[in-house]
Amino acid sequence: MYKKGQQVQQEFGTQVMKVVGFEPDLIENVITEWEDEEGTIVKGKFMESQLLPAEDELEKQ
C-alpha cells in the first residue's frame, strides 16, 4: 500500500508522480498528480499494481 506524498511511477513509464489520495471502493484507487511540461497540474487514477515506488526505480538505473 502506498502512502500520501509518496513518489511513484508506472512500471514502464518515466513520469514521477505524487500520491495525493485513495478511493478504496474503486479498482483504480490510487490518485496521483504531477506537473506536465507546460506547468499544468495533472491528476490520474491507477491500480496499485500498475505503480512502483519512484525511489526503487531510480536505484535500478
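In this text, all values refer to a predicted model and were calculated from it rather than measured experimentally.

It is not clear to me how the environment of S49 should be interpreted in this structure. Could you clarify?
Looking at where S49 falls in the secondary structure, it is placed in the loop between β4 (41–46) and β5 (51–53). Here the alpha-carbon distance between S49 and Q10, two residues 39 residues apart in the chain, equals 9.1 Å.

Help me understand the nonpolar core in this model?
Where a protein is soluble and globular, its nonpolar side chains tend to be buried together. The biggest cluster of nonpolar side chains holds eight residues, and these are Y2, V8, M17, V19, V30, W34, F46 and L51. Counting residues per element, the ones that place at least two in this core are β2 (17–22) and β3 (30–35). Setting aside chain neighbours within four positions, we find V30 in contact with V19, G21, F22, G44, K45, F46, E48 and L51.

What should I look at first to understand the pairing of β4 in this one?
On a regular strand, one side chain projects to one face of the sheet and the next to the other, so that they alternate. The sheet contact formed by β3 and β4 spans six bridges and is antiparallel. Residue pairing across strands places T32 opposite G44, the latter belonging to β4.

How should I be thinking about the pairing of β3 in this particular structure?
Here β2 runs beside β3; their pairing, made up of four bridges, is antiparallel. Note that in β3 the partner of F22 across the bridge is V30. Taking the residues that link successive antiparallel strands as the turn, the β3-β4 hairpin has five residues, and the phi of G39 there is positive, at about 90°.

Cut-offs used in this document
- Residues numbered from 1 in each chain as written.
- Predicted model: local features only at pLDDT ≥ 70, side-chain atom pairs only at ≥ 80, totals over all residues.
- Heavy atoms only, no water.
- Helix = DSSP H or I, 4+ residues; strand = E, 2+ residues; numbered from the N terminus.
- Core = buried A, V, L, I, M, F, W, Y, C linked by side-chain atoms within 4.5 Å.
- Buried < 20%, exposed > 50% of the residue type's maximum accessible area, 1.4 Å probe, protein only.
- Contact = heavy atoms within 4.5 Å.
- Pairing = 2+ DSSP bridges.

Spatial relationships are all this shows, so hold off on functional conclusions.
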